[in-house]
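What follows is the residue order along each chain.
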Amino acid sequence: MTSPGAVPGADGLPRCPWALSTEDYVKYHDEEWGRPVHGDDALYERLSLEAFQSGLSWLTILRRRAGFRAAFADFKIAAVAEFTEADAERLLGDAGIIRNRLKIEATLANARVLAQWAPGELDALIWSHAPEPEGRPVPRTLADVPAVTTESTALSKALKKRGLRFVGPTTAYALMQACGLVNDHLATCVSRA
């Protein structure tokens, strides 16, 4: 069976097939996924959420996003960098987020590392790994969308070298897709342009 191209939604508009299973996905697909995201705090949030998603459905993360924002001080790097061991224990008991010790500790450790960086440095580092759009084929089906690329592998290595955790090549590529560094909307998807 061939992987499908864009599929009409309830409103008749063609979208990437993954976006049609729930209204949460439709909204995320249409309003956020693949649109450029800039700013250290905004990128820290996305990087953290992609790390929490590892091994889980993105829908699980989307539906808990408000809980994550409340638990992690709206992902303000300076604020999260000040979290203590007591905060980590509090987070482990917070049913509004994914209570995974390693992911929580990585999120706090990453904030401490990033708090030492110059303003705009995370943004610049991440966006320096965006591939040239002209060099990328436009995906026609889901089978054309990679899980890892040379750019995501390089981004992962650069983030790890700078001390960040839970930033493997697959997580880095998901970040690149979500934050608009690459456009993986299918060729006939209404959001492609």
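Residues numbered from 1 in each chain as written. Predicted model: local features only at pLDDT ≥ 70, side-chain atom pairs only at ≥ 80, totals over all residues. Heavy atoms only, no water.

The full count for this structure, using the stated rule, is nine aromatic pairs. Each ring, one from Trp-18 and one from Tyr-25, has its centre 5.7 Å from the other, and the planes form 85°; the classification is edge-to-face. Given the relative accessible area of 25%, Trp-18 is considered partly exposed. Residues Phe-72 and Phe-75 carry aromatic rings whose centres are separated by 5.5 Å and whose planes lie at 20° to one another, so their mutual orientation is stacked. Take Phe-72: its relative accessible area is 0%, and that puts it in the buried class. Three or more aromatic residues joined by ring pairs make a cluster, and in this case those are Trp-18, Tyr-25, Tyr-28, Trp-33 and Trp-58. Across the ring face of Trp-117, the terminal group of Arg-162 is positioned such that the distance to the ring centre comes to 4.0 Å. (Phe/Tyr/Trp six-rings, centres within 6.5 Å; stacked < 30°, edge-to-face > 60°. Buried < 20%, exposed > 50% of the residue type's maximum accessible area, 1.4 Å probe, protein only. Lys NZ or Arg CZ within 6 Å of the ring centre and 35° of its normal.)

As a further point, take the UniProt feature "binding site: Zn(2+)" (unreviewed entry) in the protein chain. Here the UniProt feature "binding site: Zn(2+)" (unreviewed entry) sits at Cys-16, His-29, His-185 and Cys-189. Considering the C-alpha atoms alone, the annotated residues occupy 174 residues of sequence yet fold into one spot, their largest mutual distance being 10.3 Å. Checking the named residues against the second largest pocket, the ones that line it are His-185. You can see His-29 is positioned in helix α1 (residues 23-31). Contact partners of His-29, with chain neighbours within four places excluded, come to Arg-15, Cys-16, Trp-18, Ala-19, His-185, Cys-189 and Ser-191. Topologically, Cys-189 is positioned in the segment after α10 (169-178). Every residue in contact with Cys-189, bar those within four places of it in the chain, is listed here: Ala-6, Pro-14, Arg-15, Cys-16 and His-29. (UniProt positions renumbered as here; feature names shortened; annotations may be inferred. 1 Å grid on protein atoms, 1.4 Å probe; cavity = no way out; pocket = protein on both sides within 12 Å on 5 of 7 lines; lining within 4 Å. Helix = DSSP H or I, 4+ residues; strand = E, 2+ residues; numbered from the N terminus. Contact = heavy atoms within 4.5 Å.)

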